[in-house]
Amino acid sequence: MRYRINLAGNRIVDATPEETRALRPSIRAALHRWRCPDGDIEDFCQDVEIITWQAIVEQRVLGDRYNRPEDALLGFMFQVAWNAWRNHSRKQSTWRELLCNEMPDMVGPNPDACLEARDSLQRIAMHPDVARILLVVLDGPYPERREGLPKSTFWSRREQARKWAKDVDAGHWREPPQPVPATPWKRKGRR
């Protein structure tokens, strides 16, 4: 690990990946001190190493404040680790996050029946007269369809959609109501 002078005249750190990896115990201790969960510390250490190595390649690790390049690199890695941990800990979506290996194995339903039903519906849809007859048979009389259902269910929304489609098909469709435009703010008469 050594310093180099870049084109702007600044001292930058030049290090190998092995030298960057040698500083991992210090980053692990810092993350532990910042109360990072033990299961996430290794992931954060790996992220810090990757980001640091990219910064070394792009010559962004400055060492003007430090006498030794080890101190400059360690300071940069601490800054990256702190920012990564702060961004992760403040994100609310990760507070109750379950990793995929912690979730129990759940068996889902067999999709073969759904796929067969989809294929048969696609074959029926190719013949509109057959599809129309099936829809009439499936619907049944109106009171029996609505019996015991609350008003805000899928079925009532389906009925409204069918009613709207029938109106459009019959030519009774009208434009949806448009909002009233806002009136301009009235100024007082005198200034």
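Residues numbered from 1 in each chain as written. Predicted model: local features only at pLDDT ≥ 70, side-chain atom pairs only at ≥ 80, totals over all residues. Heavy atoms only, no water.

**Q** Even after reading the chapter, I still don't get the environment of A55, so can you show me in this structure?
**A** Inspection of the secondary structure assignment puts A55 in helix 3 (residues 38-57). As a C-alpha pair, A55 and V13 span 42 residues in sequence and 9.7 Å in three-dimensional space. Each residue touching A55, except ones within four places of it in the same chain, is listed here: R60, V61 and F76. (Helix = DSSP H or I, 4+ residues; strand = E, 2+ residues; numbered from the N terminus. Contact = heavy atoms within 4.5 Å.)

**Q** Help me understand the nonpolar core, please; the structure alone is not making it clear to me.
**A** Nonpolar side chains tend toward joint burial in soluble globular proteins. Within the largest apolar cluster, 22 residues are counted, with the highest numbers of intra-cluster contacts made by V13, I27, L31, V61 and L73. Elements with a minimum of two residues in this core: helix 2 (24-33), helix 3 and helix 4 (69-90). Ranked by residues supplied to this core, first place goes to helix 4 with 8 residues. Each residue touching L31, except ones within four places of it in the same chain, is listed here: C36, I41, F44, C45, A81 and W85. (Core = buried A, V, L, I, M, F, W, Y, C linked by side-chain atoms within 4.5 Å. Buried < 20%, exposed > 50% of the residue type's maximum accessible area, 1.4 Å probe, protein only.)

**Q** For this particular structure, what's the right way to read the packing of aromatic side chains?
**A** The tally for this structure, following the rule as stated, stands at 2 aromatic pairs. Geometrically, the ring pair formed by W34 and W82 is edge-to-face, given 5.0 Å between the ring centres and 70° between the ring planes. Highlighted residues: W34 in the loop between helix 2 and helix 3 and W82 in helix 4, separated in sequence by 48 residues. Look at W34 and you get partly exposed, because its relative accessible area is 22%. A cation sits over an aromatic face here: R11 above Y3, 4.2 Å from the ring centre. (Phe/Tyr/Trp six-rings, centres within 6.5 Å; stacked < 30°, edge-to-face > 60°. Lys NZ or Arg CZ within 6 Å of the ring centre and 35° of its normal.)

The analysis is restricted to geometry; functional conclusions fall outside its scope.
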